Amino acid sequence: DVKVTQSSRYLVKRTGEKVFLECVQDMDHENMFWYRQDPGLGLRLIYFSYDVKMKEKGDIPEGYSVSREKKERFSLILESASTNQTSMYLCATVPWAENSPLHFGNGTRLTVT
Amino acid sequence: SQQGEEDPQALSIQEGENATMNCSYKTSINNLQWYRQNSGRGLVHLILIRSNEREKHSGRLRVTLDTSKKSSSLLITASRAADTASYFCATEETSGSRLTFGEGTQLTVNP
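On a predicted model such as this, the values are computed, not experimentally measured, just so you know. (Residues numbered from 1 in each chain as written. Chains lettered and ligands numbered in written order. Predicted model: local features only at pLDDT ≥ 70, side-chain atom pairs only at ≥ 80, totals over all residues. Heavy atoms only, no water.)

**Description of the interface of chain A and chain B**
So, step 1. Across the boundary between the two partners, chain A contributes 22 residues, which contact 20 residues of chain B.
So, step 2. Carbon and sulfur atoms make up 48% of the area that chain A and chain B hide from each other, which totals about 1,700 Å².
So, step 3. When residues of chain A are sorted by the area they lose upon contact with chain B, A:Leu43, A:Asn99 and A:Phe104 head the list and together hold 30% of the total.
So, step 4. Applying the counting criterion to the chain A and chain B interface returns zero salt bridges.
So, step 5. For the pair chain A and chain B, the interface holds six residue pairs in polar contact (both at pLDDT 80 or more). (Contact = heavy atoms within 4.5 Å. Buried area = accessible area lost by both parts, 1.4 Å probe. Salt bridge = Lys/Arg side-chain N within 4 Å of Asp/Glu carboxyl O. Polar contact = N/O pair within 3.5 Å; in protein donor to acceptor, adjacent residues only side chain to side chain.)

Spelled out as structure tokens, the structure:
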């Protein structure tokens, strides 16, 4: 079974702090994704990566950056956290094979005060 | 932008009843997928149906796809209290490999 591990389940940070959300997968999947989930808005794609050191903007990249130095790890960075970034953050992976489902981590609920 | 739209937004039924959720989308797709999310957890993949398929079964789940109407339905038969969760459809568009999720249907199964 694929395991996608997000480093924190709950995180509380202050406005202006730099925040790192880590995601590690153990199945050698090429593609990794960061989503945020908010009530009434569903899942929105922030960034994704299809290879080491490669990244692509999703639908809502503003205020975020990412890092993929190793295939198994995909980090989401909030350069200067703001209260409107309070949300549930979900990491997901998928191999290049056609018609493959996403595998999600358990999420990180981030609160910015 | 969200392509998939689920209907209804919320559904409450009694244990043993069937639950039907619908999803509509706008563009051409490679496949459509259904996911389940328990409260406060990540999403879990349930079933994937390809654009050239019309119906698929997995245990108590039945998914249909009508590409002419750009819609799909998820049927859960003989529901159980443990089926209480949010259910999301997601579409993989022919233009790319990204999945686009809908806002989900909150299903509550009362014992």
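Don't stop here, the text continues.
**Considerations on the state of the cysteines**
Throughout this description, disulfide means a covalent bond between two cysteine sulfur atoms.
All names here are of chain A.
So, step 1. For the structure shown, the criterion picks out two disulfides over all chains.
So, step 2. Each disulfide pairs two cysteine sulfurs, and for Cys23 the partner residue is Cys91, the sulfurs being separated by 1.9 Å. Of note, the bridge from Cys23 to Cys91 carries an S-S torsion of about -75 degrees and is left-handed in sense. With Cys23 in strand β3 (residues 19-25) and Cys91 in strand β9 (residues 87-94), this residue pair connects regions lying 68 residues apart in the sequence. (Disulfide = S-S within 2.5 Å. Helix = DSSP H or I, 4+ residues; strand = E, 2+ residues; numbered from the N terminus.)

**With respect to the sheet that holds β3(A)**
Residues and elements named next belong to chain A.
So, step 1. Ordered in space as β1-β3-β8-β7, the four strands form an open sheet in which the pairing is antiparallel. Each edge of the open sheet carries a strand with a single partner, namely β1 (4-6) and β7 (64-70). For this sheet, the mean inter-axis angle between neighbouring strands, taken without regard to orientation, is 20 degrees.
So, step 2. Here six bridges tie β3 to strand β8 (residues 73-78), and the two strands are oriented antiparallel to one another. Across the sheet, residue Leu21 finds its bridge partner in β8, namely Leu76. (Pairing = 2+ DSSP bridges. Axes fitted to C-alpha atoms, helices over the stretch in contact; angles between N-to-C directions.)

Coordinates in, geometry out; function isn't part of it.
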